[in-house]
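# Architecture and fold: a report
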Amino acid sequence: MNILRFDSAQAWVKATADRFCQALQQEPALRLCLPSGNTPLPLYAALVDAVRRHELSFRHARIFALDEYGGLAPDDPGRCVSMLRRHLIEQIDLPPAHFHFLDTLRPDIDRVCAEFDALLTEGLDLCLLGIGLNGHLGLNEPGSSVNSPTRRVELHPQTTHASQSYVKGSRLPTWGATIGMRPILQSKELWLLASGPAKAAIIARLVKAPSPDEALPASLLWPHPNCWLWVDPAAGAQL
Ligand code: PGA
């Protein structure tokens, strides 16, 4: 894992956005896995601006949403698909058929996951990830194996608690569906994005023990040959 540190939160956003634009300009048909959550929002805002300025196009790209909560109302703004649509998909020129997400509203969730995994066998070119306070990637909670496929998962209590910042309904999610560690690790390039003071402790834990350990899913990225950890000053404060 290559560690990239920045002098300011603004420099972190600019660098991630510049590199993303360069990658998509070079290879317009990128197969991308993108997370929801708060971390990527400034990056998505910069990408939307680039599309508006006609400097960037997603016309030939494909986007696979990393994960999704289960049991939420269809109109809950905290559904991962809703967050991604609102902050990125609806504001860029991606053809609707090029956006793939885990539909946890369907009753046959195991089949949904198996179909999604099949779509991913062609592989991802670039996979962006946030990191949970417990080190999870997507909803691959501690204990997830490197071979885990896209699947239904039970949420760690900390993950259910953290969902409060997105979910509007009174019932918080206790399960979800996630792209598994296997397709994530098969991505040609991986970016782990970390910003803000809440992430300082987990980033220090990750960087100070640079070996793969299922108890810390983010550490499973260590052996990947093309993996980049982007840390802003607040998230890197304990390094
Ligand atoms: P956040 O979530 O970007 O909202 O901090 C990251 C995660 O829990 O995976």
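Read on for an overview of the structure. On a predicted model such as this, the values are computed, not experimentally measured, just so you know.

Another aspect to go through is the overall build of the chain. Scanning the chain for helices and strands turns up seven helices and 10 strands. For 239 residues, the compact-globule formula gives about 18 Å, and the C-alpha radius of gyration of the chain, at 17 Å, lands near that figure. Along the three orthogonal principal directions, the C-alpha set of the chain runs to about 45 × 40 × 35 Å. A burial count over the chain gives 54% of its 239 residues as buried. Sequence separation of 24 or more characterises 80% of the internal contacts of the chain that already satisfy a separation of 6 or more. Of the side chains in the chain, 22 bear a positive and 24 a negative charge, and the two mean positions are spaced by 1 Å.

Attention now moves to the side chain of His 100. Tracing the chain through its elements places His 100 in strand E5 (residues 99-100). Classification of His 100 as buried rests on a relative accessible area of 14%. Polar side-chain contacts of His 100 include one of 3.0 Å to the side chain of Arg 62. The contacts of His 100, once residues within four sequence positions are left out, are Arg 62, Ile 63, Phe 64, Ala 65, Phe 116 and Leu 119.

Here the focus is the pattern of salt bridges. Counting across every chain of the model gives 11 salt bridges. A salt bridge links Arg 182 to Asp 117; the shortest N-O distance between them is 3.2 Å. Taken together, the positions of Arg 182 in helix H6 (residues 181-185) and Asp 117 in helix H4 (residues 109-119) put the pair 65 residues apart, joining distant regions of the chain. Given the relative accessible area of 32%, Arg 182 is considered partly exposed. What emerges from the salt-bridge pattern is a single network uniting Arg 106, Asp 108, Arg 111 and Glu 115.

Moving on, we come to the layout of surface pockets. Considering only enclosed or pocket space, the largest pocket measures out at about 550 Å³ in volume. Ile 131, Gly 132, His 136, Tyr 166 and Lys 199 are, among the 29 residues lining the largest pocket, the residues nearest its centre. Put simply, the parts of the chain that give the lining of the largest pocket at least two residues each are strand E4 (67-69), helix H3 (80-87) and helix H5 (157-162). Top element by residues in the lining of the largest pocket is H5. It accounts for three residues.

This part covers the sheet that holds E4. The strands making up a sheet are joined through hydrogen bonds of the backbone, oriented either antiparallel or parallel. Taken together, three strands build an open sheet; the order of strands is E4-E8-E7 and the sheet is antiparallel. Lying at the two open borders of the sheet, with one neighbouring strand each, are E4 and strand E7 (151-154). On average, each strand axis in the sheet is inclined to that of its neighbour by 25°, with strand direction left out of account.

Attention now moves to the site of the ligand. Inspection of the region around the ligand gives Gly 37, Asn 38, Thr 39, Ile 131, Gly 132, His 136, Tyr 166 and Lys 199 as its neighbouring residues. At 2.6 Å, a side-chain N or O of Lys 199 approaches an oxygen atom of the ligand. For the ligand, whose accessible area on its own is 280 Å², the fraction buried by protein is 81%. Judged by the fraction of its atoms near the pocket grid, the ligand is located in the largest pocket.

Trans is the prevailing form of peptide bonds, just as negative phi is the prevailing case for residues other than glycine. Unusually for a residue other than glycine, His 54 sits at a positive phi of about 60°. Take His 54: its relative accessible area is 73%, and that puts it in the exposed class.

Calculation criteria
- Residues numbered from 1 in each chain as written.
- Predicted model: local features only at pLDDT ≥ 70, side-chain atom pairs only at ≥ 80, totals over all residues.
- Heavy atoms only, no water.
- Helix = DSSP H or I, 4+ residues; strand = E, 2+ residues; numbered from the N terminus.
- Rg over C-alpha atoms; globule rule 2.2 N^0.38 Å.
- Buried < 20%, exposed > 50% of the residue type's maximum accessible area, 1.4 Å probe, protein only.
- Contact = heavy atoms within 4.5 Å.
- Lys, Arg positive; Asp, Glu negative; His and termini not counted.
- Charge placed at Lys NZ, Arg CZ, Asp CG, Glu CD.
- Polar contact = N/O pair within 3.5 Å; in protein donor to acceptor, adjacent residues only side chain to side chain.
- Salt bridge = Lys/Arg side-chain N within 4 Å of Asp/Glu carboxyl O.
- 1 Å grid on protein atoms, 1.4 Å probe; cavity = no way out; pocket = protein on both sides within 12 Å on 5 of 7 lines; lining within 4 Å.
- Points joined across faces, edges and corners; volume = space filled by probe spheres on them.
- Pairing = 2+ DSSP bridges.
- Axes fitted to C-alpha atoms, helices over the stretch in contact; angles between N-to-C directions.
- Near = heavy atom within 4 Å.
- Areas by Shrake-Rupley, 256 points an atom, 1.4 Å probe, with all protein chains shown as cover.
- Sits in = over half its atoms within 2 Å of the grid points.

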